[in-house]
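Working through the structure, step by step
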Amino acid sequence: MNIRKTPSRPRAVLVSLDIGRASKTDERAGEAARLVESAGSQVVEVIRGRRDRPDSSTFAGKGKVEEIGLALLEHKANVVVFDRQLSPAQVRNIERALIDKVPDIRVFDRTDVILDIFAQRARTSEGKLQVELARLEHLYTRLVKGWTHLERQRGSLGKTGGPGEKQIELDRRMIGEQVKKLKERLRKVGTVRDTQRAGRTRSGILRVALVGYTNAGKSTLFNRITGAEAYVADQLFATLDTTTRRVYLADDASIALSDTVGFIRDLPHTLVDSFKATLEETIQADLLLHVVDSASAQRDEQIAAVDEVLAEIGAAEVPRILVYNQIDRAGLAPEIVRDAHGKILNIKVSAFTGAGIEGLRGALAESARNDSLPTAA
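Remember, predicted model here, so these are calculated numbers, not experimental data.

Looking at the overall build of the protein chain
When helices and strands are counted, the protein chain shows 13 helices and 11 strands. Looking at the 377 residues of the protein chain, the share that counts as buried comes to 54%. Once local pairs closer than 6 in sequence are excluded, the contacts in the protein chain between residues at least 24 apart make up 74%.

Looking at the confidence of the model for the protein chain
Segments scoring low in pLDDT should not have their predicted coordinates read at a detailed level. Across the protein chain, the average pLDDT comes to 82, with 79% of residues at 70 or higher. When the criterion is pLDDT under 50, residues 1–6 qualifies, and its contacts beyond four places in sequence or with other chains add up to 26 contacts. The model gives residues 160–167 a pLDDT under 50, and that stretch makes 14 contacts with residues more than four places away or in other chains.

A closer look at the sheet that holds strand β1 (residues 11–19)
With parallel pairing, the 4 strands of this open sheet are ordered in space as β2-β1-β3-β4. Each edge of the open sheet carries a strand with a single partner, namely β2 (42–51) and β4 (106–108). Adjacent strand axes in the sheet meet at a mean angle of 20 degrees, parallel and antiparallel pairs treated alike. Pairing between strand β3 (residues 79–82) and β4: 3 bridges, direction parallel. Residue pairing in the sheet places V79 in a bridge with R106 of β4. Of the strands in this sheet, β1, β2 and β3 touch helix α2 (residues 62–75), which is tilted by about 165 degrees from β2.

Some words on unusual backbone geometry
Of note in the backbone geometry, F59 takes a positive phi value of approximately 70 degrees without being a glycine. Looking at where F59 falls in the secondary structure, it is placed in the loop between β2 and α2.

As for the packing of aromatic side chains
Enumeration according to the criterion identifies 1 aromatic pair in this entry. Their ring planes at 85 degrees and their centres at 6.1 Å tell us that F59 and F82 sit as a pair that is edge-to-face. Of the two residues, F59 is situated in the loop between β2 and α2 and F82 in strand β3; the sequence distance between them amounts to 23 residues.

A short note on the pairing of strand β6 (residues 243–250)
Examined bridge by bridge, β6 and strand β7 (residues 253–259) share 7 bridges and lie antiparallel to one another. Pairing of R246 across the sheet is with A256, part of β7. Counted along the chain from β6 to the antiparallel partner β7, the turn is 2 residues long.

With respect to the pattern of salt bridges
In this structure the tally under the stated criterion is 17 salt bridges. Residue R28 pairs with D83 through a salt bridge whose shortest N-O separation is 2.8 Å. Here D83 lies in the loop between β3 and α3 (88–98) and R28 lies in helix α1 (residues 25–39), a separation of 55 residues in the sequence. Here R28 falls in the buried class, since its relative accessible area comes to 10%. The class of D83 is buried, set by a relative accessible area of 3%. Where E184 meets R187, a salt bridge forms, and the shortest distance between an N and an O atom there is 2.7 Å. With E184 and R187 both in helix α7 (residues 172–202) and 3 residues apart, the pair spans about one turn of that helix.

A closer look at the sheet that holds strand β5 (residues 206–212)
The pairing of strands in a sheet happens through backbone hydrogen bonds and is either parallel or antiparallel. An order of β6-β7-β5-β8-β9-β11-β10 is seen for the 7 strands of this open sheet, with the pairing classed as mixed. Here the strands that pair on one side only, and so sit at the sheet edges, are β6 and β10 (335–338). Taken pair by pair, the neighbouring strands of this sheet meet at an average axis angle of 25 degrees, ignoring direction. Relative to the sheet, helix α8 (residues 218–226) contacts β5, β6, β7, β8 (287–293) and β9 (320–325), its axis offset from that of β7 by approximately 155 degrees.

Rules used in this analysis
Residues numbered from 1 in each chain as written. Predicted model: local features only at pLDDT ≥ 70, side-chain atom pairs only at ≥ 80, totals over all residues. Heavy atoms only, no water. Helix = DSSP H or I, 4+ residues; strand = E, 2+ residues; numbered from the N terminus. Buried < 20%, exposed > 50% of the residue type's maximum accessible area, 1.4 Å probe, protein only. Contact = heavy atoms within 4.5 Å. pLDDT = per-residue confidence, 0-100. Pairing = 2+ DSSP bridges. Axes fitted to C-alpha atoms, helices over the stretch in contact; angles between N-to-C directions. Phe/Tyr/Trp six-rings, centres within 6.5 Å; stacked < 30°, edge-to-face > 60°. Salt bridge = Lys/Arg side-chain N within 4 Å of Asp/Glu carboxyl O.

Right under this line is the structure:
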């Protein structure tokens, strides 16, 4: 899918339901709304609720689907986004239930939205290949399960027509062939990346990777440390492509610093698999700086979500330091916290104001001068 924001954005009704035990509905719904807005649609209403378990037919249940239909009519909207993963049958049943009220209804789930955002934000050829691979693999799983509503689907959250119609013409064999070709092209790109990485390894330079929840301020921090001008925006997944810079911290200390794609809870497995080539910068790093938005009320959940993805890609054992960013918003002072043995546990900084950055650079120089790295979290 390829999203492009237009002056007249599609109007979307967001459905954010709690399933099972109580959870923070408002926080999850707020993040979901930002995802939908980032994908190019305008959220006109958020429908909340709680269920012990998803309805097998429509996920939300008959009553909620009727409520969704009324909201669509009230706001003259034709897009419904569920902040959960739906089965192909559930999407089809929801559309069938609403099509009489809204003939051009389109239903998306969380995976669709994140794929749309990634398609919009990829800039390098490798990033575009990875997004296309994830999109095709997602489409393949939907086709093999009989997602017949694709025959009517056009485009994505940000527009109609175009790629959506083209996807319908692809059968499983053609998708499989395209996936194979994309994987081969990514393998070749990965070979070049491996050569570059091997050069840094032979030089003995410390390899450091920034990881963290999306919008935690990684790219701003990267710019502060390196003096680079990586793209920064107050939006989810502002940058997808890994950028690596050599940083001279002192006369006797330098590092190779990489800025990687941000993580998010319930990150689709197709994206994790497709971006493994890029995420290898994380796996192969000597040290991870786990950047956390210290001002976020959800920071503990966000830390856990990042830890989960790190484990999934095989980076759970890589030494790391927690970097609590945005202390200017949290009312905290810059600080380096160490354990009883002098190992760094966390560092408090503000990439926006620059507070604590020199201390962070000093800590990185300390790590670059010797093999005394913190243990994995």
